[in-house]
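# Summary of structural features
Residues per chain are reported as follows:
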Amino acid sequence: MRLMAVVAPLLMLTYGLLRWVDGMDGDRGNGPAWDVGHTAFFVAMVLFAFLAVQMRRLVIARRPALGRAAKAAASIAAAAAVFGVACFLWVITGDLFDAFRERAPLPDPLETAGPAFFGLGIVTLLALLAAARRLPWWSPALFLAGFLAIPVDLDLLPFAAAAILIAFAPLARLGGTRPPESQPEPSRAARR
């Protein structure tokens with residue numbers, strides 16, 4: 001998880017910067033910057049889906065006393081984030097391959113709902129981890145600020161990616177730790 005929490009926002013930053021480079025000639029699309037940028041974004045979104053699943057596990061495993069409602073919220077948030085990622089991947093694939101977009105365009109309602117589900121899912125998981133005192137309060141707030149910058153103007157993608165990278169920095173520090181509840185019982189010999 002530690003690596004994914006850093007690499008996913010960095011790949012998103014790569015996409016944002018290459019989007020700028022691609023648009024320097026006044027035309028976006030059908031060039032190496034477009035292709036490499038969208039490929040980086042595709043991989044970033046796959047990593048965000050894996051992160052959502054890992055964050056859900058942290059919420060559920062870390063604090064068994066957190067309550068059923070929080071655990072259910074974590075499961076719903078992870079599912080929403082993964083659904084949103086699937087919508088992003090569909091659109092990115094269409095951006096990379098015109099034939100795919102023409103044959104299987106993402107329905108307009110999903111093109112709007114997908115990103116919203118992704119953002120709400122991730123911010124909810126971050127908020128649950130903040131409520132469990134595993135992350136600072138500003139982590140979900142900064143993710144939300146970065147994520148909300150994207151629909152304002154796609155040229156803000158580098159800013160959004162940088163904000164998300166900073167928001168995930170505390171999550172990256174959690175990546176190598178195992179929750180106490182999931183650690184194996186010590187052997188009888190070790191307890192003596």
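Residues numbered from 1 in each chain as written. Predicted model: local features only at pLDDT ≥ 70, side-chain atom pairs only at ≥ 80, totals over all residues. Heavy atoms only, no water.

Moving on: the overall build of the chain. Tallying secondary structure elements over the chain gives 8 helices and 0 strands in all. Mapped in sequence order, the helices and strands of the chain form the string α-α-α-α-α-α-α-α. Relative to its 192 residues, the chain shows a buried fraction of 40%. Once local pairs closer than 6 in sequence are excluded, the contacts in the chain between residues at least 24 apart make up 73%. (Helix = DSSP H or I, 4+ residues; strand = E, 2+ residues; numbered from the N terminus. Buried < 20%, exposed > 50% of the residue type's maximum accessible area, 1.4 Å probe, protein only. Contact = heavy atoms within 4.5 Å.)

Turning to helix 6 (residues 138-152), a few remarks are in order. Side chains that are three or four residues apart share a direction in an α-helix, a result of its 3.6 residues per turn. For helix 6, built from 15 residues, the straight-helix expectation of 21 Å at 1.5 Å per residue is met to within 8% by its first-to-last C-alpha distance of 21 Å. Residues of helix 6 that are buried include every one of Ser139, Pro140, Phe143, Gly146, Phe147, Ala149 and Ile150, and no others. The inward-facing, buried residues of helix 6 abut helix 1 (2-23), helix 5 (108-131) and helix 7 (157-174). (Expected span 1.5 Å × (residues − 1).)

Turning our attention to the side chain of Ser139. Within the fold, Ser139 resides in helix 6. On the basis of relative accessible area, Ser139 is assigned to the buried category, the value being 0%. With residues near it in sequence (within four places) discarded, Ser139 still touches Leu126 and Ala167.

Moving on to the packing of aromatic side chains. Taken as a whole and judged by the stated rule, the model has 10 aromatic pairs. Between Tyr15 and Phe41, the ring centres sit 4.5 Å apart and the planes meet at 10°, which makes this aromatic pair stacked. Here Tyr15 is found in helix 1, whereas its partner Phe41 is found in helix 2 (residues 32-62), with 26 residues between them in sequence. Looking at Phe41, the relative accessible area reads 8%, which means it is buried. Both rings, one in Phe143 and one in Phe168, keep their centres 5.9 Å apart while their planes meet at 5°; by these two values the pair is stacked. Taken together, the residues Phe143 in helix 6 and Phe168 in helix 7 connect sequence positions 25 residues apart. When sorted by exposure, Phe143 lands in the same class as Phe168, which is buried. (Phe/Tyr/Trp six-rings, centres within 6.5 Å; stacked < 30°, edge-to-face > 60°.)

What follows concerns the nonpolar core. Membership of the largest hydrophobic core comes to 47 residues, with the highest contact counts inside it found for Phe48, Phe118, Phe143, Phe168 and Leu171. At the level of secondary structure, the elements contributing two or more residues to this core comprise helix 1, helix 2, helix 3 (68-96), helix 5, helix 6 and helix 7. With 11 residues, helix 2 is the single largest residue contributor to this core. (Core = buried A, V, L, I, M, F, W, Y, C linked by side-chain atoms within 4.5 Å.)

Their axes nearest at 8 Å, the elements helix 1 and helix 7 cross at an angle of 175°. When the axis of helix 1 is compared with that of helix 7, the two are roughly antiparallel. Each of Arg2, Ala5, Val6, Pro9, Leu10, Met12, Leu13, Tyr15, Gly16, Leu17, Arg19 and Trp20 in helix 1 lies in contact with helix 7, whose residues at this interface are Leu157, Pro158, Ala161, Ile164, Leu165, Phe168, Leu171, Ala172 and Arg173. A per-class count over the contact of helix 1 with helix 7 returns 17 nonpolar, 1 polar and 3 charged. (Axes fitted to C-alpha atoms, helices over the stretch in contact; angles between N-to-C directions. Parallel < 35°, antiparallel > 145°, perpendicular 65-115°, else oblique. Nonpolar A, V, L, I, M, F, W, Y, C, P; charged D, E, K, R; others polar.)

This part takes up the packing of helix 6 against helix 7. In the contact formed by helix 6 and helix 7, the axes pass within 8 Å of each other and the chain directions differ by 165°. When the interaxial angle is binned, helix 6 and helix 7 end up roughly antiparallel. Considering the relative orientation of helix 6 and helix 7, their crossing is left-handed. The residues of helix 7 that touch helix 6, namely those facing Trp138, Ser139, Leu142, Phe143, Ala145, Gly146, Phe147, Ala149 and Ile150, are Leu157, Phe159, Ala160, Ala163, Ile164, Ile166, Ala167, Phe168 and Pro170. (Left-handed = near helix turned anticlockwise from the far one by under 90°.)

Its identity as a non-glycine residue notwithstanding, Arg133 has a phi of 60°, on the positive side. With a relative accessible area of 75%, Arg133 lands in the exposed category.

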